[in-house]
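Fold and geometry: a report
Chain by chain, the residues run as shown.
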Amino acid sequence: MNNIEQINPMMCDSETGICEIPEALTSRNDIGAAVKQHKVRVLYFTDPICSSCWGIEPQLRKLKLEYGEYFDIEYRMGGLLKGWDVYSGKDVSGPTSVAQHWDEAGAYYDMPIDGDLWIEDPLTSSYPPSIAFKAAQLQGAEKGMKFLRRIKEMVFLEKKNITKWEHLLQAAIETGLDIVKFKNDFENSAKALFEEDLALARQLGVRGFPSLFFTDEDNNRFLVYGSKSYEHYEQALLKLYPGAVKKSIDTSWENLFGHYPTFTTKEFAVLANKPKEDAAFFLNDLYLQQKIGKHDSKNGVLWKVRN
């Protein structure tokens, strides 16, 4: 039996920071002229239920605030989990085995992840939320990113099975999407767009997530594969844009929450340049003053702008 076929895609490797797909994707090609821009283009292959991708949210948020004027990021879906039926007869663990792995991944990345979802209401596939993201993207890149963030919060902290339409619809409402268009696109054109993402992933030899391709206007390219430290992403950008100047971040909580309406404690600590313990104390004090809200999960807190 081929070892690659036995890979459980949900058992992401914390040491490498990679959630790997079972298919052996070896065909590689250039991204091509479509990404030829004055800014650096970042093509980010991810998946809504990839724990390693959730783990790099602090790094990406910081990169956007410090160097956002020098790069554009394009989110593509990679298809981490097609369905558990593809493992029928193979020596792999089922969804219940993911519960402990998610709890461990959350502790490793210091990002809240509640693995009980895989015991209480396990997901059957990551394809429906991926298609939903493509539908959201059709209403603009910014709205697509907000939708993706929201369904990640739902699945990692709120134990919501985001393969279900009710949760996808709720995320669409909360992120201000046109619901009629969203539903129509989800059922129609978004499926083809998702297939295009999968085809591009195969073309580029994407084997797992997160995979970030940094490309400049001359088609020079660097791949940052797996969950890495902030410096890896920063250096990939600076290699292609040596003149980029780091912007100083206004670390006031009002400014940070103005950019991002929700934060895990780790994310706020990274952007506010505080030790995590200090950040937790500071955020809880803001909560007690009723300046921000919060959602408690088994393995951590999501802090929110108050409505």
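Residues numbered from 1 in each chain as written. Predicted model: local features only at pLDDT ≥ 70, side-chain atom pairs only at ≥ 80, totals over all residues. Heavy atoms only, no water.

For the rest of this paragraph, the subject is unusual backbone geometry. Looking along the chain, the bond that leaves phenylalanine 209 and enters proline 210 is cis, with omega of 0 degrees. Here proline 210 lies in the loop between strand S4 (208-209) and strand S5 (211-215). Even without glycine at this site, aspartate 110 takes up a positive phi of about 60 degrees. By the element assignment, aspartate 110 lies in the loop between helix H3 (98-109) and helix H4 (117-120). According to the relative accessible area criterion, aspartate 110 is partly exposed, its value standing at 30%. Despite not being glycine, glutamine 290 has its phi angle at roughly 60 degrees, a positive value. (Helix = DSSP H or I, 4+ residues; strand = E, 2+ residues; numbered from the N terminus. Buried < 20%, exposed > 50% of the residue type's maximum accessible area, 1.4 Å probe, protein only.)

Another aspect to go through is the sheet that holds strand S6 (residues 221-225). On the basis of which strands lie adjacent, the open sheet formed by four strands has the order S3-S2-S5-S6 and mixed pairing. Single-partner strands in this sheet number two, and they are strand S3 (71-77) and S6. Neighbour to neighbour, the strand axes of the sheet diverge by 20 degrees on average, direction disregarded. With seven bridges joining them, strand S2 (residues 40-46) and S3 adopt parallel strand pairing. From the neighbouring strand, phenylalanine 45 faces S3, where its bridge partner is arginine 76. (Pairing = 2+ DSSP bridges. Axes fitted to C-alpha atoms, helices over the stretch in contact; angles between N-to-C directions.)

Running from N to C, helix H2 (residues 57-67) and helix H10 (residues 230-240) point in directions that differ by 40 degrees, and their axes come no closer than 9 Å. Taken together, H2 and H10 sit at an angle that is classed as oblique. You can see that H2 and H10 cross each other, and the crossing is right-handed. For the pair H2 and H10, contact is made by Gln59, Lys62, Leu63, Glu66 and Tyr67 and by Tyr230, Tyr233, Glu234, Leu237 and Leu238, respectively. (Parallel < 35°, antiparallel > 145°, perpendicular 65-115°, else oblique. Left-handed = near helix turned anticlockwise from the far one by under 90°. Contact = heavy atoms within 4.5 Å.)

Okay, H10 next. Listing the buried residues of H10 in full gives Tyr230, Tyr233, Glu234, Ala236, Leu237 and Leu240. An end-on view of H10 places all buried positions within 160 degrees of arc, on one side of the element. Contacts made by the buried residues of H10 are with S2, H2, S3, S5 and S6. (Arc of directions from axis to C-beta.)

For the protein chain, per-residue confidence averages 91 on the pLDDT scale, and 90% of positions sit at 70 or higher. The low-confidence segment residues 24-37 (pLDDT under 50) makes 34 contacts with residues lying over four places distant or belonging to another chain. (pLDDT = per-residue confidence, 0-100.)

You can see histidine 167 is positioned in helix H7 (residues 165-174). Setting aside residues no more than four positions away along its own chain, histidine 167 makes contact with Met154, Lys160, Asn161 and Ile162.

Turning our eyes to something else, we now look at the environment of lysine 239. With respect to the helices and strands, lysine 239 occurs in helix H10. According to the relative accessible area criterion, lysine 239 is exposed, its value standing at 54%. Between the alpha carbons of lysine 239 and aspartate 216 there is a distance of 9.6 Å; along the sequence they are 23 residues apart.

Core analysis: the biggest nonpolar cluster contains 74 residues, and Met10, Phe45, Ile49, Trp102, Trp118, Phe147 and Phe214 have the highest contact counts within it. Sequence-distant contacts of isoleucine 49, defined by excluding residues within four places in its chain, comprise Met10, Leu80, Leu81, Trp102, Trp118, Leu123, Ser126, Val155, Phe156 and Ile162. The next biggest cluster of nonpolar side chains, apart from the first, holds 17 residues, and it includes Leu65, Phe257, Phe268 and Ala272. (Core = buried A, V, L, I, M, F, W, Y, C linked by side-chain atoms within 4.5 Å.)

For the coordinates displayed, the defined rule picks out 26 salt bridges. The salt bridge partner of glutamate 20 is arginine 207, with a shortest N-O separation of 3.7 Å. Within this pair, whereas glutamate 20 is found in strand S1 (residues 19-20), its partner arginine 207 is found in the loop between helix H9 (189-203) and S4, the two being separated by 187 residues in sequence. Using a relative accessible area of 33% as the deciding quantity, one classes arginine 207 as partly exposed. In this structure, lysine 152 and glutamate 57 form a salt bridge, with 3.7 Å as the shortest nitrogen-oxygen distance. Here lysine 152, found in helix H6 (residues 141-156), pairs with glutamate 57, found in helix H2; they are 95 residues apart in sequence, far enough to count as distant. The exposure class of lysine 152 is buried, given its relative accessible area of 2%. On the basis of relative accessible area, glutamate 57 is assigned to the buried category, the value being 9%. Each of Glu57, Arg61, Arg149, Arg150, Lys152, Glu153, Glu158, Lys160, Glu174 and Glu267 takes part in a single network of salt bridges with overlapping partners. (Salt bridge = Lys/Arg side-chain N within 4 Å of Asp/Glu carboxyl O.)

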